[in-house]
Amino acid sequence: MKKHNFNAGPSVLAQEVVERAAKAVLDFNDSGLSILSISHRTKDFDKVVADAEANFRELLHIPDNYRIFYIGGGASTFFYEVAANFLGKKAGYINTGVWSKKAIKEAKRYGEVEVLASSEDKNFSYIPKGVEIPTDLDYLHITSNNTIYGTEYHEDLDSPVPLVADMSSDILSHEFDITKYAMVYGGAQKNLAPAGVAFAIIREDFLEKQVRDLPTMMSFKTHVEKNSMYNTPPVFPIYVLGETLKWLKEIGGVKEIERRNKEKAALLYDEIDRNSLFRGTVEKEDRSLMNICFVMTEGHEDLADEFFKFATERGMVGIKGHRLVGGFRASCYNALPKESVEALVKCMQNFEQLHK
Ligand SMILES: *Cc1c(COP(=O)(O)O)cnc(C)c1O
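Quick caveat, the model's predicted, so the values are computed rather than measured.

Caption draft 1: Examining the packing of helix H2 (residues 43-60) against helix H7 (residues 235-251) more closely. Two elements in contact, H2 and H7, have axes separated by 9 Å at closest approach and are oriented at 40 degrees. When the axes of H2 and H7 are compared, the pair comes out oblique. In this structure, H2 meets H7 at a crossing whose hand is left-handed. Contacts from Phe45, Val48, Val49, Asp51, Ala52, Asn55, Phe56, Glu58 and Leu59 of H2 reach H7 at Val235, Ile238, Tyr239, Leu241, Gly242, Leu245, Lys246, Leu248 and Lys249. Here the contact of H2 with H7 is built from residues that sort into 12 nonpolar, two polar and four charged.

Below you can see the structure in the form of structure tokens.
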């Protein structure tokens, strides 16, 4: 049976990318060697990194005064490293869910954290608006897409202080203005690559603001100056990330993927709103294009397990909601085909018919 991969992360990658990766595992660039066993200090791998950089820049219109680097680890590594590098006195954080909270917890190790706004009062079902941003902060940190709760910023904030965003689960899913940010970072395993690598895009003047002496590997300057090759980088995940960026360019770039993502999300949200058995869990205006959460309507809660079984039997994978939200979550990342969303919608419609 065909599987429809709605996993929240690690998650679906484009079929073409998986095929190219499979080939590179056997024979990378006709070198007679596997990508798994080449040195990172070779011309061929230099080209992988250089191409990825060029494509990242082109896809996101990244100006020359920004640098791109990769680290082994994940977004969680950046939670403490951002603070270690830049939190001298006080930073502002907006708390929009589990990942924000974790970032806040780590930042507190390095200085004062002011939580400027939080949506915890309503189980993180909305994005706080009109937040007053003090001007004496080292930076302001936001989580642009809340993978667990299914909310997303749909506008770039105007911040008087350097803006840092965890974009793990929505990088390259829609157009945004990189020049509004001093740094964006994320784990690559949601929209770009298998697990094991995290990316960052950072403005040079912000990079220069490192506030304390740090172990070599924790300083962002190390990774920028050594072009992510101070130590052995995660070679294979970076290779796949590069192939994903090429694929994105081939299909028409971020504009086209945004169009596709909006189309997929509209299909599913429309069904959630129409179907008498299901309802959404967050404010409509803040609904995520990537992680679409829904629960059974009042009076139908006891059908949740049955629907899960029904959908699983029809090839749906990874639709169980996070334990903090319950219900269902369909992650519709860039590489998820529209047919998968159509198949899920069909499941929901058929399930409703059964219970009419
Ligand atoms: C998945 C995720 C993380 C955690 O990423 P790791 O790479 O596992 O550390 C952090 N933030 C967001 C928004 C995420 O979706």
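The discussion continues.
Caption draft 2: The arrangement of the sheet that holds strand S9 (residues 183-187) in detail. If you trace the seven strands from one edge of the open sheet to the other, you get S2-S10-S9-S8-S5-S3-S4, paired in mixed fashion. Each of the sheet's edge strands pairs with one partner strand only, and the pair in question is strand S2 (66-72) and strand S4 (112-118). Between one strand axis and the next, the sheet turns through 20 degrees on average, direction left out of account. In this structure, strand S5 (residues 140-143) lies alongside strand S8 (residues 163-166), joined through four bridges in parallel fashion. Note on S8: the bridge partner recorded for Ile142 is Ala165. Packing of helix H3 (residues 75-86) onto the sheet brings it into contact with S2, S8, S9 and strand S10 (197-203), and relative to S9 it is tilted by some 150 degrees.

Caption draft 3: A look at the confidence of the model for the chain. A residue-level look at the chain finds 100% of positions with pLDDT of 70 or above and a mean pLDDT of 97. Mean pLDDT values for the elements of the chain range from 97 in H2 up to 99 in S8.

Conventions we followed
- Residues numbered from 1 in each chain as written.
- Predicted model: local features only at pLDDT ≥ 70, side-chain atom pairs only at ≥ 80, totals over all residues.
- Heavy atoms only, no water.
- Axes fitted to C-alpha atoms, helices over the stretch in contact; angles between N-to-C directions.
- Helix = DSSP H or I, 4+ residues; strand = E, 2+ residues; numbered from the N terminus.
- Parallel < 35°, antiparallel > 145°, perpendicular 65-115°, else oblique.
- Left-handed = near helix turned anticlockwise from the far one by under 90°.
- Contact = heavy atoms within 4.5 Å.
- Nonpolar A, V, L, I, M, F, W, Y, C, P; charged D, E, K, R; others polar.
- Pairing = 2+ DSSP bridges.
- pLDDT = per-residue confidence, 0-100.

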